[in-house]
Amino acid sequence: MAKMEVKTSLLDNMIGVGDMVLLEPLNEETFINNLKKRFDHSEIYTYIGSVVISVNPYRSLPIYSPEKVEEYRNRNFYELSPHIFALSDEAYRSLRDQDKDQCILITGESGAGKTEASKLVMSYVAAVCGKGAEVNQVKEQLLQSNPVLEAFGNAKTVRNDNSSRFGKYMDIEFDFKGDPLGGVISNYLLEKSRVVKQPRGERNFHVFYQLLSGASEELLNKLKLERDFSRYNYLSLDSAKVNGVDDAANFRTVRNAMQIVGFMDHEAESVLAVVAAVLKLGNIEFKPESRVNGLDESKIKDKNELKEICELTGIDQSVLERAFSFRTVEAKQEKVSTTLNVAQAYYARDALAKNLYSRLFSWLVNRINESIKAQTKVRKKVMGVLDIYGFEIFEDNSFEQFIINYCNEKLQQIFIELTLKEEQEEYIREDIEWTHIDYFNNAIICDLIENNTNGILAMLDEECLRPGTVTDETFLEKLNQVCATHQHFESRMSKCSRFLNDTSLPHSCFRIQHYAGKVLYQVEGFVDKNNDLLYRDLSQAMWKASHALIKSLFPEGNPAKINLKRPPTAGSQFKASVATLMKNLQTKNPNYIRCIKPNDKKAAHIFTEALVCHQIRYLGLLENVRVRRAGYAFRQAYEPCLERYKMLCKQTWPHWKGPARSGVEVLFNELEIPVEEYSFGRSKIFIRNPRTLFKLEDLRKQRLEDLASLIQKIYRGWKCRTHFLLMKKSQIVIAAWYRRYAQQKRYQQTKSSALVIQSYIRGWKARKILRELKHQKRCKEAVTTIAAYWHGTQVRREYRKFFRANAGKKIYEFTLQRIVQKYFLEMKNKMPSLSPIDKNWPSRPYLFLDSTHKELKRIFHLWRCKKYRDQFTDQQKLIYEEKLEASELFKDKKALYPSSVGQPFQGAYLEINKNPKYKKLKDAIEEKIIIAEVVNKINRANGKSTSRIFLLTNNNLLLADQKSGQIKSEVPLVDVTKVSMSSQNDGFFAVHLKEGSEAASKGDFLFSSDHLIEMATKLYRTTLSQTKQKLNIEISDEFLVQFRQDKVCVKFIQGNQKNGSVPTCKRKNNRLLEVAVP
Ligand SMILES: Nc1ncnc2c1ncn2[C@@H]1O[C@H](COP(=O)(O)OP(=O)(O)O)[C@@H](O)[C@H]1O
Ligand SMILES: [Mg+2]
């Protein structure tokens, strides 16, 4: 959305008058009062036409913010309240858009705010002009040149803590788009006397203090300096510190700014070396030494400082020392050397210091120019900013003030010229008759000073060049002769009769009546300062320095370029540079800022009328206003004028259809403004008297009030009416809504009642039908029942005879079938487990099924046994066969048997194959071993037992020694006839051999073994399979065995528990061997 354009004017909310041209009546008092009134309301800017008066507020005001910049950007000059930005904007825009070079002339006395104003202008232009990296760098360099120049060219004075001690003119160059390209700085007349001497309460140039406070120890050592200010004669001590100024921090700022501007590190350092050399020069002191010819000659007191300076600058010490003691004057072919006395030596020293410093300053300006100069050769537009010392009137005014005031005189002249010219041009442009304007033209004063034949400066030069003794007095005399008749020149000796009695004029003074007031000049020092003499010996010494910068500062010291002509005097130099400046300014469109200092205390809020009055006078501001309103006080383009005042006349309010000019004509006629009070230009209306304007303004104010009430009235009426209409409309809406609501409600009620009635009727109807249907249904049912009964009776009657014969049998069969079916089904659910040893079997439910039940049990058992057996491998089958054999042989016959059932038959308990001890034994046997076990062989003689290995093979029974494995006896199975054993729980058994066989020679064997049952079974089976004969097994508690020739009875008795649980064997006699079984 476009920002709403608000047409404003300078005339809105004005405090006093924003433009002095409108002051009525115009005199010094009203002028000052207006300034004061505005100043008290923090309005520090006031216009005189397009000139800006700026009163130093001595405090920071919130009127320079970026928002303010935006506010003033691209607005017309008289649209907003007076501001320095308005002037800057006007200048910049007319430079950019109308291709007019501009200059901004800032004048005012020291401390009035000129330098600040110049910075404000520059920063405004920087803010509104183009952007971009390159442009920004240029801007930054231009802005950063300020701190560098201020460090070297500014000093604290009683009037201003940061007073510029040089004049500065800076051209900022722009391209066709208005982007900055670069700049050129010119400097005017640095106040170099300050280097060697400062008035009370003032300081030397900032850079000295900044260097000593801010430099690192290392840098100080390099420059052979000490931090203590009091060490240096050139630094006055009473005000070395300035409140609110941090020299050390400023030093860093300056170094940084130098870097940004483009100084190389070595350049910055050699600049500081020159500063150090100047400081140290001040410490060189001289003492008189009498010479033979009776004259005094100066000698350096302490050569240490001199030595250090020479080291610092690379000058031969003897050269510099000689330059401080002798002066060589060259004239034609002659060269005359004279010695210097102490005073001359000091003069020479100070002259050197001043020259060194001022040349360094000029060098700096040139160096900065080199950095900031525009790189391109395209045509440039230029905006010059002149910040030059204003008019100075001190108690003691000397050569400097004279020069400065001359410069101001020139500026005033160009001001008058340009203002009048502009005024005149405008009249011509606007086609208005030019009336003569009466004003004071100061050309006559300029002439008094600068006239080439009899001007004061020309005469001063003449005196300086004249051979013979020249003093300030001779100069004054000359002035008295030449200028005596000039209206603006006064002196005590003047022949002008008007001043003969003027005793207010002291001796050796002259007074000039400047445009801004009378100033009394002291002639003392004029000649010297104009000469600005530096002995050639010194410049030659400096030229010999190995320090490149210093050498370059003194080109005239080069003996090869010796120039016998005197260098131009300070006055003529200045005159020339002022002339160039004026020429330069004349080509540009001027913009003026006139700075005013409100008080001498650098304090905010204080407005010393006398002081301001003085400045207004010498700045010629009243003059300025008069010139401005000489013809017409106020002018305004037709459009804004009509816009502003159209409400004052019925024809133009609210809209004027025709051209603005005729609108204004109608308006002015209607208002009956006297015709001589205004004139119509081409584009502007010119109003002769401010009173007329104020009358218009008053009328406008009155009319605005009326219009406001009218607007109010109409607005209130409109508001009430709209409110009423709204109420009315609302009422209708509410009523409609309410009616609708009521109607709806009634309808719903009726509807629900109808529904209720309807439902009752429907219910009643339905019930009636239901009753009927039920009745019909019951009738139908009754008919069916009756029919069924009747039918039944018929059928029964028919079938009764068959039924009686078979019924009993059928029922019996059916019942039996059911019962059996039920039995099987139940059995199926009650089956015991598949384990063959499970004895469970469900109880029999019916007696008549007893045999079936038992048979089922048997079949089931057989079936599960088969199932069990089917799982067996062949090996397991063998084992079970063996076990079965054992059972058949010993079950219920031998008490030992039950304990053997659980033991698996292993056969080869002794692992002969694996035991290396029995290797021989193993090798001796070729057949398969069925039993290998250790048994106790009972000694036939005494019943004691020895361990033997018992081996059974397919065909033989072998006994071997347990330890050695040696075979003791071998019995073929065919020779075994019988095996005997007790019926008790013991492991004794006897092996009977066939009588007469080879093995039977020693008799039968009696053994005891833990595996009796197994051994007996295996022996039985093997014998059966080999010999096809059943081995006889005798189980009896008394049996006979054949021991050699004897038949011995083995008797088993129930032994006592004394011998533990092991059966014991004892040979009782020849016939009896007793075995006690526990
Ligand atoms: N517009 C301003 N706003 C605030 N302070 C200002 C303004 N102009 C000047 N001053 C104050 O006045 C002092 C002197 O101003 P300066 O521009 O150095 O004077 P001049 O250059 O005329 O000797 C500044 O240091 C600053 O404190
Ligand atoms: Mg200044």
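Use the structure listed above.
These lines cover the structure that appears in this document, whether it is placed above or below. Going along each chain's sequence as written, the residues are numbered from 1 onward. Lettering of chains starts at A and numbering of ligands starts at 1, both following the order in which they are written. In view of the model being predicted, local features appear only for residues whose pLDDT reaches at least 70, and side-chain atom pairs are presented and counted only at 80 or more, with totals across whole chains, interfaces and linings using the full set of residues. Computation of side-chain values covers all heavy atoms of the structure but excludes hydrogens and water.

**Quick notes on the side chain of Ser164**
Helix and strand labels come from DSSP, where a helix needs a run of H or I of at least four residues and a strand needs a run of E of at least two; each type is numbered from the N terminus. Residue placement: Ser164 occurs in strand β5 (residues 163–164). Polar contacts, as counted here, are pairs of nitrogen or oxygen atoms within 3.5 Å of one another; within protein the pair requires one atom able to donate a hydrogen and one able to accept it, and residues that are adjacent in sequence qualify only if both atoms are side-chain atoms. Separated by 2.8 Å, the side chains of Ser164 and Thr115 make a polar contact.

**Notes on the site of ligand 1**
Near ligand 1, the surroundings consist of 16 residues, among which Asn56, Gly111, Lys114, Thr115 and Glu116 are the closest. Between an oxygen atom of ligand 1 and a side-chain N or O atom of Asn56, the distance comes to 2.7 Å. Here an oxygen atom of ligand 1 sits 2.5 Å away from a polar atom, N or O, in the side chain of Thr115. Accessible surface area values rest on a Shrake-Rupley calculation with a 1.4 Å probe, where residue burial reflects the displayed protein chains alone. Burial of ligand 1 by the protein chains amounts to 83% of its free accessible area of 550 Å². Take the shell around ligand 1: its biggest share by element is 3 residues, from helix α4 (residues 114–128). Basically, the charged four are Asp, Glu, Lys and Arg, the nonpolar ten are Ala, Val, Leu, Ile, Met, Phe, Trp, Tyr, Cys and Pro, and anything else, Gly included, counts as polar. Residue composition of the shell around ligand 1, by class: 4 nonpolar, 8 polar and 4 charged. Distances are taken per atom, and a residue is near a molecule or strand as soon as one of its heavy atoms is within 4 Å of it.

**Comments concerning the sheet that holds strand β6 (residues 167–174)**
Through backbone hydrogen bonds, the strands of a sheet pair up, either in parallel or in antiparallel fashion. For two strands to be treated as a pair, DSSP must find no fewer than two bridges joining them. If you trace the 7 strands from one edge of the open sheet to the other, you get β1-β2-β16-β3-β12-β6-β7, paired in mixed fashion. Here the strands that pair on one side only, and so sit at the sheet edges, are β1 (45–48) and β7 (180–188). Along the sheet, successive strands turn relative to each other by an average axial angle of 20°, direction set aside. Note that β6 and strand β12 (residues 381–387) share 7 bridges and pair antiparallel. By the bridge assignment, Lys168 is partnered in β12 with Asp387. Residues count as neighbours in contact if any of their non-hydrogen atoms are within 4.5 Å of one another. For helices, the axis comes from a line fit to the C-alpha atoms of the stretch in contact; other axes are also lines fit to C-alpha atoms, and the angle between any two N-to-C directions lies between 0 and 180 degrees. Packed onto the sheet, helix α22 (residues 609–619) meets β3 (102–107) and β16 (589–596) and runs at close to 155° relative to β16.

**Notes on the coordination of the magnesium ion (ligand 2)**
Each metal's donors are the N, O and S atoms found within 2.8 Å of it, except that Na, K and Ca use a 3.2 Å limit; water is left out, so coordination can look incomplete. The magnesium ion (ligand 2) binds to the protein through Thr115 (OG1) and Ser164 (OG); the donor distances cover 1.9 to 2.1 Å. With Thr115 in helix α4 and Ser164 in strand β5, this pair connects stretches of sequence that are 49 residues apart. You'll find Thr115 and Ser164 in the same group, each marked buried. The cut-offs for exposure are 20% and 50% of the maximum accessible area for each residue type, with area from a 1.4 Å probe on protein chains only; residues under the lower value are buried, those over the upper are exposed, and the others partly exposed.

**Details of the packing of aromatic side chains**
Between rings of Phe, Tyr and Trp, where Trp is taken as its six-membered ring, a pair exists when centres lie within 6.5 Å; planes separated by under 30 degrees are stacked, by over 60 edge-to-face, and by other angles tilted. Across all of its chains, the model carries 41 aromatic pairs by this definition. Taken together, a centroid distance of 5.8 Å and an interplanar angle of 35° make the contact between Phe860 and Trp863 tilted. Of this pair, Phe860 and Trp863 both sit in helix α27 (residues 850–870), 3 residues apart, which is roughly one turn of the helix. Each ring, one from Phe1005 and one from Phe1007, has its centre 5.6 Å from the other, and the planes form 15°; the classification is stacked. Just as Phe1005 is buried, Phe1007 falls in that class too.

**A word on the sheet that holds strand β15 (residues 517–522)**
Judged by pairing direction, the sheet is antiparallel, and its 3 strands sit side by side in the order β13-β14-β15 without closing on themselves. Of all the strands in the sheet, the pair left with one neighbour each is β13 (489–491) and β15. Each strand axis lies, on average, 25° off the axis of its neighbour in the sheet, ignoring direction. With 3 bridges joining them, β13 and strand β14 (residues 509–514) adopt antiparallel strand pairing. Residue pairing across strands places Ser491 opposite Phe510, the latter belonging to β14. Contacts from helix α15 (residues 443–450) reach β13 and β14 within the one sheet, and its direction differs from that of β14 by about 150°.

**Some details on the packing of helix α9 (residues 247–261) against helix α10 (residues 265–281)**
Where α9 contacts α10, the axes come no closer than 10 Å and their chain directions differ by 135°. Taken as axis vectors, α9 and α10 run oblique relative to one another. In the crossing of α9 with α10, the sense of the turn from one axis to the other is right-handed. Contacts between α9 and α10 involve Phe251, Arg255, Met258 and Gln259 from the first element and Asp265, Ala268, Val271 and Leu272 from the second. Broken down by class, the residue content of the contact of α9 with α10 amounts to 5 nonpolar, 1 polar and 2 charged. Each angle is binned into one of four classes, with values under 35 degrees roughly parallel, values over 145 roughly antiparallel, values of 65 to 115 roughly perpendicular, and all other values oblique. Crossing handedness follows the turn of the near helix against the far one: under a right angle anticlockwise gives a left-handed crossing, and clockwise gives a right-handed one.

**Here we look at a nonpolar patch on the surface**
Residues Ile711, Tyr715 and Trp718 make up a contiguous nonpolar surface patch of roughly 370 Å² in combined accessible area. Residue placement: Trp718 occurs in helix α26 (residues 690–830). Distance thresholds for patches are 9 Å for like charges and 5 Å for nonpolar side chains (Val, Leu, Ile, Met, Phe, Trp, Tyr), applied to residues having over 30% relative accessible area and no salt bridge. For salt bridges, the criterion is a side-chain nitrogen of Lys or Arg within 4 Å of an Asp or Glu carboxyl oxygen.

**Considerations on the pairing of strand β2 (residues 51–55)**
Among the 5 residues in β2, 5 count as buried, and that is most of the element. When β1 meets β2, the two strands line up antiparallel, connected through 4 bridges. Bridge assignment links Tyr47 to a residue of β2, and that residue is Val52. The antiparallel pairing of β1 with β2 creates a hairpin that spans 2 residues between the two strands, and Gly49 there sits at a positive phi of about 60°. The sheet contact formed by β2 and β16 spans 4 bridges and is parallel. Within β16, the residue paired with Ile53 across the bridge is Arg594.

**Some thoughts on the nonpolar core**
Note that soluble globular proteins tend to have their nonpolar side chains buried in a common cluster. With 214 residues, the main nonpolar core has Phe31, Phe152, Phe208 and Phe510 as its most contacted residues. Counting residues per element, this core draws most heavily on helix α13 (residues 342–372), at 15 residues. By size, the runner-up hydrophobic cluster in this structure holds 33 residues, among which are Phe905, Val971, Leu973 and Ala1000. To qualify as a nonpolar core, a set must consist of buried Ala, Val, Leu, Ile, Met, Phe, Trp, Tyr and Cys residues joined through side-chain atoms within 4.5 Å.

**Section: empty space enclosed by the protein**
Note on definitions: the grid is 1 Å and covers protein atoms alone; a cavity is a set of points where a 1.4 Å probe fits but cannot get out; a pocket is an open set with protein on both sides within 12 Å along at least five of seven lines; lining residues have an atom within 4 Å of a point. Grid points are joined across faces, edges and corners, and a volume is the space filled by probe spheres set on the points. According to the stated counting rule, one finds 6 cavities of 30 Å³ or more in the structure shown. Taken as a whole, the largest cavity spans an internal volume of roughly 90 Å³. The wall of the largest cavity is formed by Met122, Val125, Ala126, Cys129, Lys139, Leu142, Leu143, Met170, Ile172, Phe174 and Pro180. Among the elements of the structure, α4, α5 (133–153) and β6 are those that each provide at least two residues to the lining of the largest cavity. In terms of residue class, the lining of the largest cavity is made up of 10 nonpolar, no polar and 1 charged. There is about 70 Å³ of room inside the second largest cavity. Lining the second largest cavity, in full, are Thr115, Ser118, Asn146, Leu149, Glu150, Asn154, Ser164, Phe166, Lys168 and Asp387. For the lining of the second largest cavity, the secondary structure elements donating two or more residues are α4 and α5. Looking at which element gives the most residues to the lining of the second largest cavity, the answer is α5, with 3 residues. Taken together, the residues of the lining of the second largest cavity sort by class into 2 nonpolar, 5 polar and 3 charged.

**Comments concerning the pattern of salt bridges**
Under the defined criterion, the tally for this structure stands at 64 salt bridges. Residues Lys1018 and Glu882 are paired through a salt bridge, measuring 3.8 Å at the closest nitrogen-oxygen approach. Taken as a pair, Lys1018 in helix α31 (residues 1012–1027) and Glu882 in helix α28 (residues 874–890) lie far apart in primary sequence, 136 residues in all. With relative accessibility at 7%, the residue Lys1018 sits in the buried group. When its relative accessible area of 13% is taken as the criterion, Glu882 is described as buried. Salt bridges sharing common partners tie together Glu226, Arg231, Lys280, Glu305 and Glu308.

**Some thoughts on α13**
Helices are assigned an expected span. That span is 1.5 Å times one less than the residue count. Taking 1.5 Å per residue, 31 residues should reach 45 Å; α13 reaches 45 Å between its end C-alpha atoms and fits that length. Counting buried residues along α13, 22 of its 31 residues qualify, which places the element largely inside the surrounding structure. At the N-terminal boundary of α13, the capping side chain belongs to Asn341, with an oxygen 3.2 Å from the backbone nitrogen of Ala343.

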